[in-house]
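# Architecture and fold: a report
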Amino acid sequence: MQCYTELTPPTAVTHSICLPFITAQSNNLVVARASVLQIFATKLVSAELDKAQNAQLQSSRTAEHYDSRINDDDGLEASFLGGDSILLRSDRSNYTKLVLVAEFSLAGTITGLARINSKTTASGGEALLLSLKDAKLSMMEWDPEKNSINTTSIHYYEQEDLQGAPWAPPLSHYVNFLAADPGSRCAALKFGARSLAIVQFKTAEEDIDMDDWDEELDGPKPVKELSTSLANGISSNEETPYSTSFVLRLPNLDPSLIHPVHLAFLHEYREPTFGILSSTSSPSLVLGRKDQLTYMVFTLDLQQKASTTILSVTGLPQDLFRVIALPAPVGGALLVGTNELIHIDQSGKSHGVGVNQFAKQTTSFSLVDQADLELKLEGCEIEDLSAETGEFLMVLHDGRLAVITFRVDGRIVSGLSLRLITPEAGGAIIPTDVTTLSKLNKTSIFAGSESTDSLVLGWTRKQGQSGKRKPRVQDQSLDLDMDDEDLEDLEDEDDLYGEDYVPTIQPSNSTSTPGSKTGDLVFRVHDRLVSIAPIRDFALGQTVVSAKEEQANQIGVTSDLSLVCACGRGNAGSLAIINRDIQPRVIGHFEFPEARGFWTMAAQKPIPKSLQGDKGATSMSGEYETAAQYDRYMIVPKVDLDGYETSDVYALTGAGFEALTGTEFEPAAGFTIEAGTMGNHMRIIQVLKTAVHCYDGDFGLTQILPMLDEETGAEPRVNSASIADPFLLLVRDDASVFISKIFKNLELEELEKEDTVLIKTKWATGCLYEDRSGIFAGSQTDKGSKSGENILMFLLSKAGALHVYALPDLSKPVYVAEGLPFVPPILSANYAARRGTAKEVIKEILVADLGDMTSSYPYLIVRHDNDDVTIYQPFRIPSTTTQELSAILHFQKLSNPALADDPIIPTDDEDEEMNRACPMRRCENIGGYQTVFLPGDSPSFILRSSKTLPKVLRLQGNGVRGMSSFHTEGCERGFIYADSKGIARVSQIPIRNTTYADIGMSLKKIPLNSDVQSITHHPPSGTYVVGCSTIEPFELPKEDDYHKEWQYEKDLAFKPTVEHGQVKLINPSSWTVIDTIEMEPCETVMCIETVNLEVSESTNERKQLIAVGTAVSRGEDLPIRGRVLVYDIVTVIPEPGRPETDKRLKLVANEDIPRGAVTALSEIGTQGLMLVAQGQKCMVRGLKEDSTLLPVAFMDMGCYVTTVRELKGTGLCLMADAVKGVWFTGYTEEPYRMVLFGKSSTKLEILTVDFLPDGDELLIIACDSDGGVHVLQFDPDHPKSLQGHLLLHRTTFSAGAHPPTHSMLLPRTLPADSEYLTQQVNSSGLADEDPDAPPAPPSIILFSSPTGALTTLAPLSEPQYRRLSFLTGQVLSSLPHHAGLNPKDYRAPASTGVVGRFPPGVDAGMGRSIVDGALLARWNELGAGRRAEIAGRVGFAGVDEVRDTLREVLGASGLAYI
């Protein structure tokens, strides 16, 4: 069988909501990405700092000031809005940034989010209600004890007795949506045709608590019952946040609610009240009729399960599709239609506005005419900008911004109007449609999208001349009643709106407040969540570096191929270049075989004595400060061919370095263990095996601290060291530690170990950490402490206990955790494992800040003896009783599926020295990231951006011996490293348009600003060809003689739109478009493939050509026709100054297809022909020398061919039909003909299909529109297959929220000792065929989906399949599953899907299924003991064998070439 693995997480944002979730005071944005739930905190960052960051890699001084401000625990609003002198620059506005708090992968598809203000949450924040496909509800709250979400209730409405008639369509065919009462009294889930599930919540309402009970009028107050009666009749005092739910049939509320359209709960009602839009006739019957919709408002009595109709408005336009409840002071509901907006207030009074000329034609409802706007409101989203001033933001389907303004007189709405935001004011900063809008704070909003990057938008108001800055003097003659708070508000407005804004204080009786409508809105982007959704197509190809010099530098650090995806929709169309590993941009490389490590440092020059007076020091300080910004020196430990250990010092130049001579540095002193600066960059510290050397800024020797035990006379050697100014920690080979401090006289002195535990315990490893965030402080404060005052020492004993000391106090540890070797999911001071529980061997620990310029956070990184890493995130549990760190500090294990390669075993003793253990390296700023580097055979960076969790990404190339950050004028924020082949490289991480942690891979996005549908790579020229389209107005053909009435539509002002195709040629050296070919009007590019065609009948010459299939659609009255275009890519003279423009597309053949579009193309056979899916036929065509495409064979198809595939060179073909399933055919060349071998079930709606060779078996993988992945097989010997006419159905696996829409069969890379390869060799040896023939190369299928997720399907050997199947079952029962969801049920084929409705003709599954790799990827979340227990239980030899198997089948290990 096979294993289905998710390579990258989904990136499309489907839902979002803003609520105080983590605590009652926090401001959290909850984002749903199909099946992933993310919780963000918002954070204000000075716009000036953000611009400096985007301008790129500012100097270390700025970063220091910046870092000291960004690590407060909560939302950090205080530190930026207080008048911080460092941060107040010319642009004093703030940007709203998102910082990820937590991320959860769910075994379900999220269909809605709602906030519930529950009084019983453990965190004090609000609860979150999720609706999941098809009709499930889960209520969650934040659990501060576990630093995770906790599911408090689950509700299931998919039972058969809740469904409609037996002939009704399945639940998945309906639009099911969630709505919640603003007063948090209940929530409603509309599911099925007309069912409404009501979930009640318990709230402290007035009538329940009877606070307004008047004993004089109402009599004696009744005694409140203490017990609550549960559903099953058992009485209990335990409060639950919800009551029993019930299902209402909408026609029971009112007989006219037969076809509901949408509903929403309204604001400002004492009882839960909702407005619903519905019709008495189905949408299919209303053509030719007008104004069939009715809007009704119902009040629910939850106790009696009854309802009351408050108002009803009839005769509403037919195209209304949404109800939006508006908050006070506007109130009421806004009904959104495709051509109009209608507001209905609480009394039923309506105001409407028509936004195009069709509004008058489609309805007789009274509307204000704004047809000159010419807007289309399909797919628009609306959110309030400022409810007090009646302004609401609308994002249209094409991304344009508009503002809806309500005119409010007191509490009465007197009208509404629309105006578009001009592009100059930011009206076009969203390139395409959005799916969700959530207001974050007073001046920012989150716009989530499934088609492009999701944005955080901020707005300011453009001021007139009177609003320019004036001296802040309040005129005493104006008797204004302004208190201090109002003046503070005005100060805050200054900070928000920038220098040139001062609200002018005018005496007036108007109710406008500071921040009310005083000018035009200006929008700008504050932050973005990168997205590659939807992936429309992808290709594998080489990325070319243009310059020869750069090409030479990149040898050894560039992957063979890159995955290039066509993603985005509309103007957001772009290319995403994805690589598995980080590919550094090498600035210089050279042979350096003796180097074993690097340490760069920015030490200050010592100020000469002649300048040490007061005046001299101050005048010279500027010069000496700036010199310290860049790294000046580098210490390199070396091992020569004889094994002799030395260390050398180098002076750094622009992009390289040169040997430094004439100093007091001693190269022969030995091997450098650690180096750095102390004493505020005034001293250079070099830690050797036997001593510590201190130098001044010019390498003048100032102090030697030998490793000598005065009592015993022993000379322990240093194993590892850690520096955190002003402290130095050494761990020595006798398992003792040495702690010293540098004092104001710049002398290094050992600190006395007051704690006897420090002296007696055998220590294995340790590190120092400067706690800028205060997470390890005894009592947390908002004020950041001074540098050097919050240094913590983390020590790991040989027994595995983690001890934390707050330096300089060595009298007792502030925290001790004994259980670290068990790597439990949550590590705490009181964690205790059972006796005999298996342990991990820990080689090294490091506590470091991980993050970017926006936010960083400390993590405990544990490195095991096999080079795997476990990442722990510290968190504090709120406690009112104690502030003891041991009670409130816990460590949470983060999911990390990355597995290190097996270390290369040295061949002899010399190589053993080469493979000495290199410690992890903490890097303060590499390409804007605070990161940790892991040297060794699997060199990796641990990267985290503010919007992701830490991810382990490999560095492309060989193993690394030593590495250091490298910050010079020629290589800003870079790094230097030496690989195992002895090559040293000065490099940078590419950061322009490139991200890493977002999808766990290197991702570079290139905007194309047009809709991209298809892409292919042309290997001979190294270029990419993409099919794009733009939108243009459609006109009916004027020359038609049969349709005279078409002439009347030529003057139509508001024309429909149609796609106009383009073929673009892209050069990957610069990723620019170098040639564009326009298609005919109304012609769309359907598919593009690179095919190897025979171009000469006489010489049989073959050539790689580009084949393009198109469709010409000129309206529904005319038949669709198509074209097949064949292009060659030729070399031409480039444009001046643009050397990349040396290629062009040259038309070779142009074949018109009179009936039907060309929807799919493929190579076929061995004679250089191609298979063309044209309309309802598939034809084999050959290119003739007269540039025509001659058909030689054909096969009649069903309805619409979505995919054709050929198993290369065999003539075996697959054809997928959008309605009629999969056809398996064969093609022969002597004579030319196509033969049908077998078909699948004729009810499958197939989006993509592919072959999957598995040893001697040939499987067919088909993906349907429900997200089902079907495994089919052709077997004419099976008795039920009718001699093979019916394809056997092996199994079906649900891809869930990520239905595959495109696939590609690729070669699979496996380790030489792979169990799968071993089985292939054995099985092929037993075969009757040629025993010497090599086994078939292993294969893997890569899938892409509309949510931006990339997944793979790989075959497994029989032993692998059996053990991994058992393993998934064990992992399933051992891990928590959020929202009460069942991953096993999630992966089963949907009962409402194709397989449930139409069982397969020949089911040969025998109960077997595809292994779920998403569950296996969570293997490392288990503790060491549980892993060892499960490994033995399911038949593995041990945990290491499980690890080897998982490394083979998970992640991108099978795609090592990208």
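Reading the values: rules and limits
Residues numbered from 1 in each chain as written. Predicted model: local features only at pLDDT ≥ 70, side-chain atom pairs only at ≥ 80, totals over all residues. Heavy atoms only, no water. Axes fitted to C-alpha atoms, helices over the stretch in contact; angles between N-to-C directions. Helix = DSSP H or I, 4+ residues; strand = E, 2+ residues; numbered from the N terminus. Parallel < 35°, antiparallel > 145°, perpendicular 65-115°, else oblique. Contact = heavy atoms within 4.5 Å. Nonpolar A, V, L, I, M, F, W, Y, C, P; charged D, E, K, R; others polar. Pairing = 2+ DSSP bridges. pLDDT = per-residue confidence, 0-100. Phe/Tyr/Trp six-rings, centres within 6.5 Å; stacked < 30°, edge-to-face > 60°. Lys NZ or Arg CZ within 6 Å of the ring centre and 35° of its normal.

### Some thoughts on the packing of helix α15 (residues 1358-1374) against helix α20 (residues 1439-1449)
Across the interface, α15 lies against α20 with an axial gap of 12 Å and an inter-helix angle of 105°. By the criterion of interaxial angle, the relationship of α15 to α20 is roughly perpendicular. Contacts from Gln1360, Arg1363, Leu1364 and Leu1367 of α15 reach α20 at Glu1441, Val1442, Thr1445, Leu1446, Glu1448 and Val1449. When the residues that make up the contact of α15 with α20 are grouped by side-chain class, the tally is five nonpolar, two polar and three charged.

### Structural notes on the sheet that holds strand β43 (residues 691-695)
A sheet is described by the order of its strands in space; here four strands give the open sequence β41-β42-β43-β44, paired in antiparallel fashion. With partners counted over all chains shown, the strands left at the sheet margins are β41 (672-678) and β44 (701-706), one partner each. On average, each strand axis in the sheet is inclined to that of its neighbour by 15°, with strand direction left out of account. In this structure, strand β42 (residues 683-688) lies alongside β43, joined through four bridges in antiparallel fashion. Paired with Ile684 across the strands is Tyr695, a residue of β43.

### Points about the confidence of the model for the protein
In the predicted model, the protein carries a mean pLDDT of 85, and 86% of its residues have values of at least 70. Note that residues 56-90 has pLDDT below 50 and, in this model, 76 contacts with residues that lie over four places away or in other chains. A low-confidence stretch, residues 614-628 stays under pLDDT 50, and its non-local contacts, those more than four residues away or across chains, total 14 contacts.

### Some details on the packing of aromatic side chains
The final tally for this structure, using the stated rule, is 32 aromatic pairs. For the pair Tyr650 and Phe657, a centre-to-centre distance of 5.1 Å together with 75° between the ring planes defines the contact as edge-to-face. A ring pair is formed by Tyr929 and Tyr996, whose centres lie 6.4 Å apart and whose planes are at 70°; its orientation type is edge-to-face. Of this pair, Tyr929 sits in strand β59 (residues 929-934) while Tyr996 sits in the loop between β65 (994-995) and β66 (1002-1007), placing them 67 residues apart in sequence. Feature note: the residues Phe590, Phe592, Phe598, Tyr650 and Phe657 constitute an aromatic cluster, connected by ring pairs. It is Lys376 that lies over the ring of Phe1054; its NZ or CZ is 5.6 Å from the centre. In this arrangement the basic side chain of Lys1239 is found over the ring face of Trp1223, its NZ or CZ atom lying 4.0 Å from the centre.

### As for the sheet that holds strand β25 (residues 381-386)
Spatially, β25-β26-β27-β28 is the arrangement adopted by the four strands of the open sheet, whose pairing is antiparallel. Edge positions in the sheet fall to β25 and β28 (412-420), since each has one partner strand and no second. Between one strand axis and the next, the sheet turns through 25° on average, direction left out of account. The sheet contact formed by β25 and strand β26 (residues 391-395) spans five bridges and is antiparallel. Its bridge partner lying in β26, Glu383 is registered against Leu393.

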